[in-house]
Amino acid sequence: MPKLKTNRGAAKRFSKTSSGRFKCKRSHLRHILTKKSTKRKRGLRDTDYVDAADVAMVRRMLPFS
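Residues numbered from 1 in each chain as written. Predicted model: local features only at pLDDT ≥ 70, side-chain atom pairs only at ≥ 80, totals over all residues. Heavy atoms only, no water.

Caption draft 1: View of the pattern of salt bridges. Summed over all chains, the structure comprises one salt bridge. Arg-26 serves as the salt-bridge partner of Asp-48, at 3.7 Å between the closest nitrogen and oxygen. On the criterion of sequence distance, the pair formed by Asp-48 in strand E3 (residues 47–49) and Arg-26 in the loop between strand E2 (22–25) and helix H2 (38–44) is long-range, its members being 22 residues apart. A relative accessible area of 28% places Asp-48 in the partly exposed class. Classification of Arg-26 as partly exposed rests on a relative accessible area of 31%. (Salt bridge = Lys/Arg side-chain N within 4 Å of Asp/Glu carboxyl O. Helix = DSSP H or I, 4+ residues; strand = E, 2+ residues; numbered from the N terminus. Buried < 20%, exposed > 50% of the residue type's maximum accessible area, 1.4 Å probe, protein only.)

What follows is the structure, given as structure tokens:
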């Protein structure tokens, strides 16, 4: 079987937790921040988890995690 390459873009964006889920950063915190409430921006700082529908795709991109 050939060696599998890790998708380097995905490796920088996702990391696997000890329970087997994938962590990622939340979106919508880069620009146009003046119209967003402080509470909303504070919540966006938290890490998020990859949705169950997308886990298979992330697992394919990160074969060794």
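Caption draft 2: Spatial organisation of the sheet that holds strand E1 (residues 15–16). One open sheet accounts for three strands, arranged E1-E2-E3; its pairing is antiparallel. What marks the edges here is a single partner per strand, and that holds for E1 and E3. Examined bridge by bridge, E2 and E3 share three bridges and lie antiparallel to one another. Paired with Lys-25 across the bridge in E3 is Thr-47. (Pairing = 2+ DSSP bridges.)

Caption draft 3: Up close: the environment of Arg-59. Counting through the fold element by element, Arg-59 comes out in helix H3 (residues 55–61). In the structure, Arg-59 is positioned 21 residues away from Thr-38 in sequence and 34 Å away in space, judged by C-alpha atoms. Dropping the residues within four chain positions of it, Arg-59 is found in contact with Gly-20 and Phe-22. (Contact = heavy atoms within 4.5 Å.)

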